[in-house]
Amino acid sequence: MPILRMSLPPQATRCMLRASRGVLLACVLGASGLANAELFGDSDWKESEAPPPPAFNQDKLVDIEMPKYSSLKFGVDPNTIKVTGDGVVRYVVVATNKEGGGFNAFYEGVHCATDEYKSYARFTSNGTWESAQNPEWKRISDRTSRHTQALASQGLCRGHAPRGSVGEMVRYLKTPIREVE
């Protein structure tokens, strides 16, 4: 069977190449959008049961960069940072007065995909954890928890996903690098 060969003008060839690149790009973007929706933004997403609050060490806290006007100093114990299969980054954050004195500790979680956080428990003055009553996901941008917003943007999240590893999160927290994400 003879092969039919066509000769197209250079402009038509360039146009076809651009069109096929455009179709390929549309397919790739569409597939990545579906994957992203399935991994991070799925409306059927369910949070797994939160593990119990981990022990924390005040001597090992990594400072969270906060505005100068903040009267509290915040730090996270890197050994408490865990990413679970549901995409939630859980950790213990400790707040202390810059002038010294007591402290407060909270067991929280951040869901980078939805820009939300949840507070699971509070450390009490008698040295035990007290579970939050009916904890609910709240928008990080609501500014009810500036330390959570700082923590998420400085190290836990990269865009709408957790960073690649806990080690990477800790590196970013220890030496905050401002990047365009």
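Residues numbered from 1 in each chain as written. Predicted model: local features only at pLDDT ≥ 70, side-chain atom pairs only at ≥ 80, totals over all residues. Heavy atoms only, no water.

**Student:** Before we go on, may I ask you to explain the confidence of the model for the protein in this structure?
**Tutor:** Atom-level detail of predicted coordinates should not be read off regions where pLDDT is low. Mean pLDDT for the protein: 80, with 73% of residues reaching 70 or above. The low-confidence segment residues 19–40, where pLDDT is below 50, has seven contacts with residues more than four positions distant or belonging to other chains. (pLDDT = per-residue confidence, 0-100. Contact = heavy atoms within 4.5 Å.)

**Student:** Mind showing me how you'd approach the pairing of strand β4 (residues 88–97) here?
**Tutor:** Remember that side chains alternate between the two faces of the sheet whenever the strand is regular. The buried count for β4 comes to eight of 10 residues, which makes it a mostly enclosed element. Relative to β4, strand β2 (residues 72–76) runs antiparallel, the two sharing five bridges. Opposite Gly75, over in β4, you have Val94 as the bridge partner. With two bridges joining them, strand β3 (residues 82–83) and β4 adopt antiparallel strand pairing. (Buried < 20%, exposed > 50% of the residue type's maximum accessible area, 1.4 Å probe, protein only. Helix = DSSP H or I, 4+ residues; strand = E, 2+ residues; numbered from the N terminus. Pairing = 2+ DSSP bridges.)

**Student:** I'm lost on the state of the cysteines in this one. Help?
**Tutor:** A covalent bond between the sulfur atoms of two cysteines is referred to as a disulfide. The final tally for this structure, using the stated rule, is one disulfide. Residue Cys112 pairs covalently with Cys157 via a disulfide, S to S 2.0 Å. As the torsion about the S-S bond is roughly -75°, the Cys112-Cys157 disulfide counts as left-handed. One end of the pair, Cys112, is in the loop between β5 (103–111) and β6 (116–123); the other, Cys157, is in strand β9 (residues 157–158), and 45 residues separate them in sequence. Classification of Cys112 as buried rests on a relative accessible area of 1%. (Disulfide = S-S within 2.5 Å.)

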